[in-house]
Amino acid sequence: ATTISHNHTASITTMAKKPRSQRRKKGSKLGEQEDEGGAAADVDAELLSESHTVADSMSTFDDFAVDEESVEDVLETGGSTPSSAAVAASASRQARLLDALAGVAEISSEKRTAKRESLFKRLFKALTQFATGPTGQGIVEQHLDEVVSAASGTGLRAGAASPSEQYAACRVLEATAVVLGGDHDDYCQEIDKPLKRVVMMAGRTTAVRAAALRALSMCNFMCSGDDVTTESLLDLCEAVAAPEYRNETVPPFLRATALDCWALLATTIEDVYIADQSDFHIGRGIGILPLLKDCLETTNVELRSAAGECMAMIHEARLNLGRHDQEAENVTARRYRRGSWDGSEWEVLMDEVKQLISELSVESGHHMSKRAKKEQRATFREFMSTIVDDEAPCEVVSFRGGSLELKTWKEIIQLNFIRHCLQGGFQIQLVTNETLHTIFGANAFILNDASGAALSQLEKRLIMSKTSEAAKQADQKLNKKRETRTNVKNYFLTVDGEYL
């Protein structure tokens, strides 16, 4: 037993601990009010990294888990043929899309920013993966006013919306542009001013400003055919890609995004307006060559890669100008033909650029991680093959039933931008989106080949999964190649029959 003396008999009152949700955040002031969604605005701004995506919180996607039982019920009533399975899958996607769009009405009245963010993420998931084909496009068009009002009105408010909510709203607007496709200039005009305001405000988080610029560029690329708007956005991208914008230093991540957006918009104009120069005009690409060279000399890997990609596209456009020029017959004349940099005022600058890209393709050192060095070398080797060796690029996109081969930088830039936008919904949109079929010249019948749809779930696991026999054989083949490469490197150690 414990004895307490009379000197310490005063009653001791123990205060109960506050719930975690009611405790003051560490580092915040005593009188600082937090919004009803969670942390204060300045804390959220610090937590939102440049690599933030709408898929960072996977818990919001639990509502969209694959409901195999509902598909099986449809199959039992409508048959078990591949066509009935496709119809059941389409009906399931439409139901999930409508369910997500029904929650858009709650966004404007919802006071908690965390809840609004989850609704935006849920809507993004539905737009990219469930809004498929003409039917999905029609459903989105019917609810377009509600989506625009929620995203550009409620989601982009600087004071009430957290940075992560603003980012999710921008991604919803970007994904909506892909689903809608062409001939939707009204949609572009409606979201133009709110998004431009976000890009211009230096107080917004870098990731939010970059997402807004991407949404603007994607909307102009997919939905609009107005050349004046395209020129205006190209001017904006060039201004944001500069070291300073509106008397404020531009973060490298935002500059890299601006160059990516510039490259996407430049794919919509002819080569002569990109890489040609005359007494009456100067190409867009030629005008930013000094800026791209400065970006290549920085230490930021993303900014370097974006500048290198722009440079590869400009060089490709320059080569295309002289590809059909048959007047030059001798070597000297071919060297100074229209599609070459030789003899122009940009010859010295391009020689310096070629040297920079060659060095970056083999760069080494301890200032970069091993993974970053590997990615940079692989990326700049592709740039070098076009800029230094004048070779055309080649990228193959594999999907169920076949593959899509891209052989120009314009197509590759468009593909990478759309893939970044759609994330997990890229494959299904590539198969069902008619606008993407037109952009990449794909055949819808080949993309929707029934050979893959006729497979059962068990057959798909045996053939397409990572644990299938084909995947195991490919893994074994790669292991053999690695062992052979290692043996060749270590051959000098055992060439005399003993280790040195």
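Remember, it's a predicted structure, so these values are computed and weren't measured experimentally.

Some remarks on unusual backbone geometry
For Arg246, which is not a glycine, the phi torsion comes out positive at approximately 55 degrees. Along the chain, the position of Arg246 falls in the loop between β1 (244-245) and β2 (248-249). Under the relative-accessibility criterion, Arg246 is labelled exposed at 54%. The phi dihedral of Gln423 falls on the positive side, at around 50 degrees, and the residue is not glycine. With respect to the helices and strands, the residue Gln423 is situated in the loop between α19 (409-422) and α20 (426-432). Look at Gln423 and you get partly exposed, because its relative accessible area is 27%.

Points about the side chain of Ser152
Checked against the element boundaries, Ser152 lands in helix α6 (residues 144-154). Within polar-contact distance, the side chain of Ser152 engages the backbone oxygen of Val148 at 2.5 Å. Dropping the residues within four chain positions of it, Ser152 is found in contact with Leu173 and Pro194.

With respect to the pattern of salt bridges
All chains considered together, the criterion is met by 17 salt bridges. Residue Lys121 pairs with Glu117 through a salt bridge whose shortest N-O separation is 3.2 Å. Residue Lys121 and its partner Glu117 are both found in helix α4 (residues 113-129); the two are separated by 4 residues, about one turn of the helix. Note that Glu231 and Arg284 form a salt bridge whose closest N and O atoms lie 2.6 Å from each other. Here the residue Glu231 occupies a position in helix α10 (residues 227-241), and Arg284 occupies one in helix α13 (residues 284-287), the gap between them amounting to 53 residues. Shared partners join several salt bridges into a network, and the residues in it are Glu231, Asp235, Glu238 and Arg284.

The rules we used
- Residues numbered from 1 in each chain as written.
- Predicted model: local features only at pLDDT ≥ 70, side-chain atom pairs only at ≥ 80, totals over all residues.
- Heavy atoms only, no water.
- Helix = DSSP H or I, 4+ residues; strand = E, 2+ residues; numbered from the N terminus.
- Buried < 20%, exposed > 50% of the residue type's maximum accessible area, 1.4 Å probe, protein only.
- Polar contact = N/O pair within 3.5 Å; in protein donor to acceptor, adjacent residues only side chain to side chain.
- Contact = heavy atoms within 4.5 Å.
- Salt bridge = Lys/Arg side-chain N within 4 Å of Asp/Glu carboxyl O.

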